[in-house]
Structure formats: C-alpha cells, structure tokens
Amino acid sequence: MTAPPLTWLYVPGDRPRVVAKALAAGADVVVVDLEDAVAADRKEYARDATAELLTEPQPVPVHVRVNALAGPLAAGDLAALAALPGLSGLRLPKVTAPEQVTGVAALTGGPPLYALLETALGVERAYRIAAAHPALRGIALGEADLRADLGVRGDAGLDWSRSRVVVAARAAGLAPPSQTVHPDTRDLEGLAASCAHGRALGFLGRAAIHPRQLPIIERAYLPTERELEEAETIVKAATVQPGAQALPDGRFIDAAVVATARRTLSLARRPTLS
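Residues numbered from 1 in each chain as written. Predicted model: local features only at pLDDT ≥ 70, side-chain atom pairs only at ≥ 80, totals over all residues. Heavy atoms only, no water.

In the nomenclature of an unreviewed UniProt entry, the protein corresponds to CoA ester lyase from the organism Streptomyces rubrogriseus. Quoted straight from UniProt, the Cofactor (unreviewed entry) entry for the protein says "Mg(2+)". (UniProt positions renumbered as here; feature names shortened; annotations may be inferred.)

(A) Region of interest: the layout of surface pockets. What the largest pocket holds in volume is close to 500 Å³. Contributing to the lining of the largest pocket are 29 residues, with G142, E143, A144, T180 and V181 lying nearest its centre. Secondary structure elements with two or more residues in the lining of the largest pocket: β1 (7-12), β6 (136-141), α7 (143-150) and β7 (206-208). No other element matches α7, which puts four residues into the lining of the largest pocket. For the second largest pocket, the lining is made up of 22 residues, of which P5, W8, Y114, R137 and A175 are closest to its centre. Sorting the residues of the lining of the second largest pocket by element identifies β5 (113-117) and β6 as the ones contributing at least two each. Broken down by element, the residue count for the lining of the second largest pocket peaks at four residues, all from β6. Its residues assigned to classes, the lining of the second largest pocket shows 15 nonpolar, four polar and three charged. (1 Å grid on protein atoms, 1.4 Å probe; cavity = no way out; pocket = protein on both sides within 12 Å on 5 of 7 lines; lining within 4 Å. Points joined across faces, edges and corners; volume = space filled by probe spheres on them. Helix = DSSP H or I, 4+ residues; strand = E, 2+ residues; numbered from the N terminus. Nonpolar A, V, L, I, M, F, W, Y, C, P; charged D, E, K, R; others polar.)

(B) Broad picture of the packing of aromatic side chains. Under the criterion given, the structure shown has one aromatic pair. With centroids separated by 6.1 Å and ring planes inclined at 70 degrees, the aromatic side chains of W8 and Y114 adopt a geometry described as edge-to-face. Placement of the pair is W8 in strand β1 and Y114 in strand β5, with a sequence separation of 106 residues. Each member of the pair, W8 as well as Y114, is classed as buried. (Phe/Tyr/Trp six-rings, centres within 6.5 Å; stacked < 30°, edge-to-face > 60°. Buried < 20%, exposed > 50% of the residue type's maximum accessible area, 1.4 Å probe, protein only.)

(C) Expanded view of the packing of helix α2 (residues 43-53) against helix α3 (residues 74-81). Here α2 crosses α3 at 15 degrees, and the two axes come no closer than 10 Å. The pairing of α2 with α3 is recorded here as roughly parallel in orientation. Along this stretch, α2 crosses α3, giving a crossing that reads as right-handed. Side by side, α2 and α3 meet where R47, T50 and A51 of the first sit next to G76, D77, A80 and L81 of the second. Looking at side-chain class alone, the contact of α2 with α3 contains three nonpolar, two polar and two charged residues. (Axes fitted to C-alpha atoms, helices over the stretch in contact; angles between N-to-C directions. Parallel < 35°, antiparallel > 145°, perpendicular 65-115°, else oblique. Left-handed = near helix turned anticlockwise from the far one by under 90°. Contact = heavy atoms within 4.5 Å.)

(D) Broad picture of unusual backbone geometry. With a phi close to 55 degrees, K94 is a non-glycine residue in the positive phi region. Structurally, the position occupied by K94 is in the loop between β4 (89-92) and α4 (98-108). You can call K94 partly exposed: its relative accessible area is 26%.

Given below as structure tokens:
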C-alpha cells in the first residue's frame, strides 16, 4: 500500500523563487496558488510563471489552485495549465455544485481534481460533489471562507462541517480529506493541538503555509509506537488466519480492521522530515 500524502504546502504563484524553495522544503505536495494569495494585478504573471514551471516534471507533485470557477480567470488558468507535464492536480476553489466538477473534468480531460468546499452550500452538497466524477480525487474544506459564510466565531462551530466532509469523502470512495491551513505560522503548539483534533475527526494530513509547519503536521499524523505495534499484530494475525477472528487479548478483527492496520503501517514506512 502506498503511503498517502500528509503535507500540502501552499505557495503564491507570483513568487517563483519562493515556489522553488517550497519544492525543496520536504512537503509531500506543493500547491501553487493562483487565487487568494495573488493580488489582482499579479494574476496574469502568476499564471505565466506557473505554466513555465510546469513545462517540465517536478521533484515532488505540484498542484495548482486556480481562480474561482465562477469568475473570469478560471477558464484561462485551466487552458494554460491542464495539459502540462509538471502538473499533478488541480485544486478547485469555492465549489458549490457537482456540475462545476464535471464541467472542469470535461474541459481538462485528465488531471486529478480536488474540490475545496468553502461555503455552507458547498458543505451541504458535499457528497454529491465528492461523487461527481472519477477525475475528482479528493475534497477538503476552506475554513476561512466557510467561517465567514457561517458567522462562526469559535473553532468548535466548524466541527459539524468537518465531520460532514470526512463522511462525504469516505462515502464517495475518496481518501480521507486533509485539514485546512492553520493561519498562525508561529503558533506551533496550537497547530499540533488542532492536528490532534483533526485526526480524531477522521482527517488525514494537513495543508500548510510555511515550511516550519510541515514537521508538526507530519508528527501529528504519523502513528505512535503503540499504534504500530497493534497494527503489526493485526496484520500478522490476518496473514496467518484470514477472515474475522478474535485475537488472544480479546480484540475482534475483520477486514475493515485489517485495512486500517495496513494503512497505519504504510504511513510508518514513509520518509520523515524529523
């Protein structure tokens, strides 16, 4: 089983030198942002610079967050970038309907798509969006915009939306979603606590906006020694005797438990930043 990505590093598309540094920062995926991180008068430059970068394969997977699908810039972003050999995925902001996903899939014809749900309407339609097209490989929340749309102040007010997205992703057969960014790049203790909470809700991995956040995210989502020992015991027992069974300590295991254990072991085999 291939280890899934745990870290997604966002970087502004109009800063090629910063993009180059991000590619060497150790993130599993670098997300070049053409949307919120780029000023209006820099949008065209950001697109051109990103297209130049992606004319060749990159050392790590590179995704691009295009401009809002309902706006005037997204079509040009998709036309310029979708067929480039260095592109590993397109992140679609502010998705509110499955038709947006199917429209982009028909227009681009190939690259993996990731839908960002950033409004109440997007969250309400989470499963329909997640199941919209085979090209869609993941969904995730955009919590800054969602917080504003809902009028939520406390962090706990987003937990229902978080769980909704986790359930929708899994129901559609997608990988568990990654958490949204933690905006305070110096609050590493808060980041670690937030990651622990996200992991408990069913998220897997997290987006970052600074390289210093990467090892904190990775550490939070890697299995503990006890989790590894339990996973090894489960997989070994399933290898010796396939099918549902009770372990000597009384725990009952079946195919779902074994699949979880195998995913735990796959995470442990990944190279780490720390």
